[in-house]
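Commentary on secondary and tertiary structure
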Amino acid sequence: MDGQLATADGKRIGYSACPHDCPSTCALSVEVLSSDRIGRVHGAKDNSYTDGVICAKVARYAERVHHPDRLTQPMRRTGPKGSGAFEEISWDDALDEVAEAFLKAEARHGPEAVWPYYFAGTMGLVMRDGINRLTHAKKYSGMHQSICTMLAWPGIAAGTGRLAGPDPREMADADVVVIWGTNAVHTQVNVMTHAVKARRERGAKIVAIDVYETPTLKQADIPVILRPGTDGALACAIMHVLFRDGFADWDYLHRFADDPKGLEAHLQTRTPEWASRITGMPVEEIESLAALFGAHKRTYFRLGYGFTRQRNGAANMHAASCIATVMGSWPLKGGGAFHTNGAIFHWDKSLIDGHDVRDDSVRVLDMSKIGPILTGETEPLFGGPPVEAMLIQNTNPMMVAPDLTKVHAGFARDDLFVCVHEQFMTQTAQMADIVLPATMFLEHDDLYQGGGHQHILFGPKLIDAPGACRSNHEVIGGLAERVGAEHRGFGMTARDIIDWTLVNSGWPNLETLERERWIDAQPDFDTAHFTDGFATPDGKFRFHADWSHPVNNRFAPNGSIEDMPDLPDHFEAIEEATDEMPFRLVTAPARNFLNSSFTETTTSRAKEGRPAVMMHPEDAAALDAQEGDTMMLGNNRGEIKIALRHFAGVRRGVVIVESIWPNEAFEDGKGINFLTGADAAGPQGGVAFHDNRIWIRKA
Ligand code: SF4
């Protein structure tokens, strides 16, 4: 522990990394007050991406880690599911009961009846992904991690061939920074740090493109609001103008793109007038945006997860990345397009994930379809056995999964055994048979990678956990022993696993990482900017996207891949409004929550107020609805009640509900995800959380 502690201004400072599901993965300096108390959390000033800046909700982390409602003892349910009736039991009894339930389910239907389920409540590689080692060692049903990234990653890789791109710190070197599909002020504040630096030091323009006037748009020089799911149309019209007005870099295109002539011909009909009808943007706005890009080749496109939360999201991501190629921006410092750096870390995760004991013939279930799966639908179960036992870590599907009508019905099954390992009594934990208390990131050792930047960071145990909390790694090891799972990783400490993983992935060992605090894993300029060619077989950027390429495309609905556009286009796969359901609902992230995390802290709850649907005043007037009225929102998946908030910063016919509030915060106990769909989109699944047609009326 002491190796990670320094003294500053008379305070003991521990170094760490933010574990939350946020591309910033901030390097942290934590005031350590005693063996079990922290003070304020700060951003590390000497980390070149964090640059001393973190979000307010993590700065006040003491409120979360020392929350009086932390789970501290294992518990067994004593009343009906969801009743909240539990009694404390010992760790041995709890793990014995979980193991017995898993072995019984296995005896009835085989190991695939057990489904370990997790996600990104922590992004630490050991604590998040170690559950996979248990899954693989026991041949339990695997989990397709579709809920967040599967509509984004194939989109960016479709053109460049690689999940990587120009150094995100180079936003500060751009003449134009385009923040597209991410409300960075709410969700990854460091993007703003580097974009604002470009404006301050170079006079750069910040363009922010989204579906409503977010705080990020308010800070931008050029805010752009378009209809949800129409980014592909905007990208096509911009490229149409770039070709039309002589801004296409033909020398670059001939050397580094697959079919620029074909793209130019294809875009002939994708005019600003065509895009205006689809996006809702005025023609002049599209023209001037294209002219700005044309005049500034050194443009950095920072593409976020937001615009991929649509059934056509992957196609839209690809279309946006094509603009940088038409402009020939990629070879310039401060130019190109970036989404994530997932490919640069080249991890050997065989010890963490247990890849070396994985059997590829074992069933893998789509995590986004947890509702249909738990309610016994045949197709998402691939005709195999029902799921009868689950271990859930790092996620709260009773709140965050789509199609909650089915999710809630599934968790209510009497023949489903559920163990939830959690930090708080979430709504999912309330449905569990056994609840286990989990450590938070400052209470265990873990390894982190930046998605939105290039650092590898170590987060050591800085304080003792309250009560009898155990880490995910400890719980997995305890269960493995009881169910007869064998792998060398179960008997190792988290630190030993981290050290082995670093060294076998080609990075310095843990001792070095601890001393240095982070590793800057940024590839060299030429690799990051694809100056010698893109990561495709012939080195050319693909305007023609090969959507059949992703390895997991068995999770896309039938026909969806064949329907996806070959060249960039507006892909008409979204839930367009109808006469019966004339509104389109976007479920956007809130500033003070992170998915369901932080909904338990008093300050975050107070700052967010209450759930509200943000509606254009003219749409509200047409419904004869006033500010504060209770509205009914519904579609074929469910109905919810929510307060009305007037909001002029959105196109007519589009409504926004920020944040995933707990279900009980809504008048009738039904949260926003009762309206979102679990139907998978191409090319490899994923949830279109911002793509829901609904009806609205006064309650
Ligand atoms: S900005 Fe993101 S990574 Fe940084 S502290 Fe906040 S939640 Fe964590």
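Scroll up for the structure.
Here goes a summary of the coordinates provided.

Reading guide: rules and limits
- Residues numbered from 1 in each chain as written.
- Predicted model: local features only at pLDDT ≥ 70, side-chain atom pairs only at ≥ 80, totals over all residues.
- Heavy atoms only, no water.
- Pairing = 2+ DSSP bridges.
- Helix = DSSP H or I, 4+ residues; strand = E, 2+ residues; numbered from the N terminus.
- Axes fitted to C-alpha atoms, helices over the stretch in contact; angles between N-to-C directions.
- Contact = heavy atoms within 4.5 Å.
- Phe/Tyr/Trp six-rings, centres within 6.5 Å; stacked < 30°, edge-to-face > 60°.
- Buried < 20%, exposed > 50% of the residue type's maximum accessible area, 1.4 Å probe, protein only.
- Polar contact = N/O pair within 3.5 Å; in protein donor to acceptor, adjacent residues only side chain to side chain.
- Near = heavy atom within 4 Å.
- Nonpolar A, V, L, I, M, F, W, Y, C, P; charged D, E, K, R; others polar.
- Parallel < 35°, antiparallel > 145°, perpendicular 65-115°, else oblique.
- Left-handed = near helix turned anticlockwise from the far one by under 90°.

On to the sheet that holds strand β20 (residues 518-520), then. Strand order in the open sheet formed by three strands is β18-β19-β20, with antiparallel pairing between adjacent strands. The sheet is open, and its two edges are formed by β18 (446-449) and β20, each paired on a single side. Taken pair by pair, the neighbouring strands of this sheet meet at an average axis angle of 15 degrees, ignoring direction. Judged from the three bridges that link them, strand β19 (residues 455-459) and β20 form a sheet pairing that is antiparallel. Paired with L457 across the strands is W518, a residue of β20. On the sheet, helix α22 (residues 494-504) packs against β18, β19 and β20 and is oriented at approximately 40 degrees with respect to β18.

With that settled, the discussion passes to the packing of aromatic side chains. By the definition in use, this model includes 19 aromatic pairs. Judged by centre distance (5.7 Å) and plane angle (45 degrees), the ring pair of W180 and F307 falls under tilted. With W180 in strand β9 (residues 176-180) and F307 in the loop between β12 (299-303) and α15 (313-327), the pair connects residues that are 127 residues apart, well separated along the chain. When sorted by exposure, W180 lands in the same class as F307, which is buried.

Following the sequence through the fold, R70 ends up in the loop between α2 (62-65) and β5 (75-77). On the basis of relative accessible area, R70 is assigned to the buried category, the value being 6%. One polar contact links the side chain of R70 to the main-chain carbonyl oxygen of A438, over a distance of 3.3 Å. Among the polar contacts listed, one links the side chain of R70 to the side chain of E443, at a separation of 2.9 Å.

As a further point, take the site of the ligand. Lining the immediate surroundings of the ligand are C18, C22, S24, T25, C26, I54, C55, V58, V189 and L594. For the shell around the ligand, the class distribution of residues is eight nonpolar, two polar and no charged.

Bringing the packing of helix α6 (residues 153-160) against α15 into the picture now. Where α6 contacts α15, the two axes come as close as 7 Å, and the packing angle between them is 40 degrees. Here α6 lies oblique to α15, going by the angle between them. Handedness of the crossing formed by α6 with α15: right-handed. The segment α6 lies against α15, with G155, I156, A158 and G159 engaging A314, M317, H318 and S321. Residue composition of the contact of α6 with α15, by class: four nonpolar, four polar and no charged.

A few words now on the pairing of strand β22 (residues 612-615). Residues in a regular strand project their side chains so that they alternate between the two faces of the sheet. The alternating pattern of β22 places A612 and M614 on one face and V613 and M615 on the opposite face, and all of these are buried. The sheet contact formed by β22 and strand β24 (residues 639-646) spans four bridges and is parallel. Each bridged residue has a counterpart across the sheet, and for M614 the counterpart in β24 is R645.

Let us look at the pairing of strand β26 (residues 692-698). The sheet contact formed by strand β21 (residues 583-588) and β26 spans three bridges and is antiparallel. Along β26, the bridge assignment pairs R584 with R693. Bridge count between strand β23 (residues 630-634) and β26: four bridges; the pairing is antiparallel. Each bridged residue has a counterpart across the sheet, and for G634 the counterpart in β26 is W695.

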